[in-house]
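Chain residues, written in single-letter form:
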Amino acid sequence: MTPIHTVTDDELLANFMERIEAGEKIEADDWMPEEYRVTLIKLISMHGISEIMGALPEKEWVPRAPSLSRKLGIMSKVQDEMGHGQLLLRVTEDLLLPYGKNRGDLMQDLFKGDLKFHNVFHMETKTWADAGIIGWLVDGAAIITQTNMLKASYGPYARALQRICAEEVFHAQHGESIIMALAEGTDEQKAMIQEALNRWWESLLMFFGPASKETTGSSKQDLTIKYKIRTKTNEDFRQIFFDKYIPRILALGLTIPDPTIRFDEESRLWTYQQPDWEEFKKIIKNKGPRSQARLNLRKTSYEYNAWVRDALSATVT
Amino acid sequence: MAGEKTFYQEYEVFSKRTQNSAFQHQFSLLAPNEDMALIMAQENFMRREPVADIWIVNRRDVRKMDREEKKTLARLDNKEYRLTKGYGYLKKKWRHYEQQVLDEKEILSWGGDRK
Amino acid sequence: MNMTESTLDKDYKEAVISLLFQLADDDFLYAYRGSEWLGLAPHIEADVASSSISQDSMGHAAMYYKLLEELGAGKADDLAHIRPSSERKNSILTERANGEGFYMETPLYDWAYEVVRSYFYTQAKKVKIDSLCQSSYRPIAEAAVKVKMELYYHKLHWETWFKQLLNSTDVAKQKMTEAIARVMVDFGDVFSYGNQKQLIEKCALIDTEEELKSNWKMNLDPVFAVLHVEVPAIPEKAVRNGRNGEHTKDLDEALLTLSEVYNEDPVAIW
């Protein structure tokens, strides 16, 4: 009898890294190093729950949207956000299987403050223009980070992102359409966008995360690059955002609320006023202006109708 | 360990765009039973495309391949005898007999009207 | 009788406009209440699915407002946003809040009420639409044929929820039974044409109130038989009749929210 060769973890890891280097896709049932699984869970659960929490600030404007077609457009957009949350939580749940955790646990992690959501969704919305800025610039920022991961080594995430990015194109245009109407509207409407831009600018810069972990003490960008989940750094993303959106913001007659911002021809980079990264740390610890209110909204509705989930458990065969 | 009782099951959703197209896997969703899965499927995954039919499959009923089994899928690229390209010389032969070769395009056109 | 706008006599036109306001306002308020649920449904997949029904319904309302605009009743967006509650013709059922609390703060929305209201409303809408497909006013008949296409899904969706929750735990049965009672209290004007009953029925725009009520019950009978429950009786007389512009404070609050931005400048383009 030939002795059976037991595959060691080192060999599995070497084989895994070879597959990733060769551009192969890793699937949910495949062997993967713990570090890869944990990195994915952190990234995708945060992405997913941010979609779910991100539905709330825009949802504030759903009933108030100022025409029948705007009401329809924003309803459909917020529905998509919930839909993106569904896709991403499904991907996360399959990764959580070895730990025996499920969607209910993710919700509890959110309520306990262990599962964070994006800084932008902790902020207050004040006028209809905020709904426009969110669609135009927050979704624009999200498109930049998400398209970079369309070729992610983890197949289920890449496939979810394919669906998400296709819809983001609609979202960006939905936002542009709101902004365009205001930009071409009355003086009050124009002022409304400028105020909203001023309100959201710092949050937009923060959206991409700190340039390095020295800024805030932690960053997962190194691991995600190592495992070919993404290829660009936080700062790369921010620079792309400036490239794409600064000319458009200026073209509409708006002012960037940062007098120092300029494009450096030599380095081909934008120099700009750093946002307050201490404030960023506070915000993502659920100490932002609307963090607790939105968590409370989510938690109340989740718990108040828990009986529905209990009832349907009785129908499981 | 699971902090909450899980009552949801994973359902795989398949759909076809038109009556003539083949079923395609879309995504998975959580539902307590297949009737619930069915009423949620289209609006979760096919909000912007035509749908002619939907299948819902409980994931536990899907027989999957493991990594070892996936090795059985590879094969050599030496099976010209299964393909028309293994018989490419026939075109020249028929030309010699002053006849056109009956290639795939020609044969598949026979289902239409007689010309 | 098959009439087009150019040949409408005064009474006929009045009947068409009255009926269209009832249909439009019903779907508009129903969709609005549905949209308040966005992000708050008890299950994410259900949240996504039910939002499509709110969108469809808002789309139906927009079609009716557009027909009114074509009849010279005013701009569709104005009709939806700036009419005061005394001019609204929706049924009380569609304006009722989803539960206690403002939608942005700590709303206590009841999914049982959502399911029962939606299911009963959808069944009522279905019998009306079936009848409207034969309406003497062709633009309404054409709109009804389109609306009917989307109602198959709405009905299947809410019927599934209704049956499953009534077939599950004691808690769910209790909540559903309470919700049925609350919905039925407001059901008195759902099939009412209000003060315009005679005119609307005479013009053959739609079946009579009595025919619709009986069709509604007939549609529900088989579902309730399986659940061993009696189809609840429709109140003989509405406490308030929304068709006559009699409404609750829930509608005033809804109008304040839904027209908040629009009213900042009703002539601006948004």
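- An unreviewed UniProt entry annotates chain C as 1,2-phenylacetyl-CoA epoxidase, subunit C of Filibacter tadaridae.

- As annotated in an unreviewed UniProt entry, chain A carries the name 1,2-phenylacetyl-CoA epoxidase, subunit A and is attributed to Filibacter tadaridae.

**A look at the overall build of chain C**
Phase 1 of the analysis: Within chain C, the secondary structure is distributed over ten helices and two strands.
Phase 2 of the analysis: N-terminal to C-terminal, the α/β element order of chain C is α-α-α-α-β-β-α-α-α-α-α-α.
Phase 3 of the analysis: In summary, chain C has a C-alpha radius of gyration of 18 Å against a globular reference of 18 Å for 270 residues, a match within 12%.
Phase 4 of the analysis: Projected onto its principal axes, the C-alpha coordinates of chain C cover approximately 60 × 45 × 35 Å.
Phase 5 of the analysis: Within the span of chain C, comprising 270 residues, buried residues form 52% of the whole.
Phase 6 of the analysis: In chain C, once contacts between residues fewer than 6 apart in sequence are set aside, the share between residues at least 24 apart is 75%.

**Topic: the environment of B:V62**
Phase 1 of the analysis: Looking at the secondary structure, you find B:V62 in the loop between β3 (53-58) and α2 (67-70).
Phase 2 of the analysis: Those residues in contact with B:V62 that lie beyond four places of it in its chain are B:E12 and B:V57.

**Points about the interface of chain B and chain C**
Phase 1 of the analysis: In this complex, chain B contributes ten residues to the contact, which on the side of chain C involves nine residues.
Phase 2 of the analysis: Going through the elements one at a time, β2 (24-31) and α1 (34-45) of chain B are the ones with two or more residues in the side of chain B that touches chain C.
Phase 3 of the analysis: Split by residue class, the side of chain B that touches chain C holds six nonpolar, one polar and three charged.

**Focus: the confidence of the model for chain C**
Reading fine detail from the predicted coordinates is not recommended where pLDDT is low.
Phase 1 of the analysis: Residues at a pLDDT of 70 or more form 97% of chain C, whose mean pLDDT is 95.
Phase 2 of the analysis: In the predicted complex, the global pTM is 0.94; the interface-specific ipTM is 0.94.

**A short note on the sheet that holds strand β1 (residues 9-16) of chain B**
Residues and elements named next belong to chain B.
Phase 1 of the analysis: Strand order in the open sheet formed by three strands is β2-β1-β3, and the pairing between neighbours is antiparallel. If you trace the sheet from one side to the other, it starts and ends with β2 and β3, each paired once. On average, each strand axis in the sheet is inclined to that of its neighbour by 30°, with strand direction left out of account.
Phase 2 of the analysis: Here β1 runs beside β3; their pairing, made up of six bridges, is antiparallel. Residue K16 lies in a different strand from β3, and its bridge partner there is D53.

**Some words on the interface of chain A and chain C**
Phase 1 of the analysis: On the side of chain C, 44 residues touch chain A, which itself brings 43 residues to the contact.
Phase 2 of the analysis: Broken down by secondary-structure element, the contributors of at least two residues to the side of chain A that touches chain C are α2 (34-59), α3 (68-96), α7 (187-207), α12 (291-304) and α13 (306-313) of chain A.
Phase 3 of the analysis: Partitioned by chemical class, the residues of the side of chain A that touches chain C number 21 nonpolar, 14 polar and eight charged.

**What to know about α1(B)**
Phase 1 of the analysis: Given a rise of 1.5 Å per residue, twelve residues ought to cover 16 Å, and the 16 Å separating the end C-alpha atoms of α1(B) matches this to within 8%.
Phase 2 of the analysis: What α1(B) keeps buried is the set B:M36, B:A37, B:I39, B:M40, B:A41, B:E43, B:N44 and B:F45.

Cut-offs and rules
- Residues numbered from 1 in each chain as written.
- Chains lettered and ligands numbered in written order.
- Predicted model: local features only at pLDDT ≥ 70, side-chain atom pairs only at ≥ 80, totals over all residues.
- Helix = DSSP H or I, 4+ residues; strand = E, 2+ residues; numbered from the N terminus.
- Rg over C-alpha atoms; globule rule 2.2 N^0.38 Å.
- Buried ≥ 20, exposed ≤ 12 C-beta atoms within 10 Å, placed from the backbone.
- Contact = placed C-beta atoms within 7 Å.
- Nonpolar A, V, L, I, M, F, W, Y, C, P; charged D, E, K, R; others polar.
- pLDDT = per-residue confidence, 0-100.
- Pairing = 2+ DSSP bridges.
- Axes fitted to C-alpha atoms, helices over the stretch in contact; angles between N-to-C directions.
- Expected span 1.5 Å × (residues − 1).

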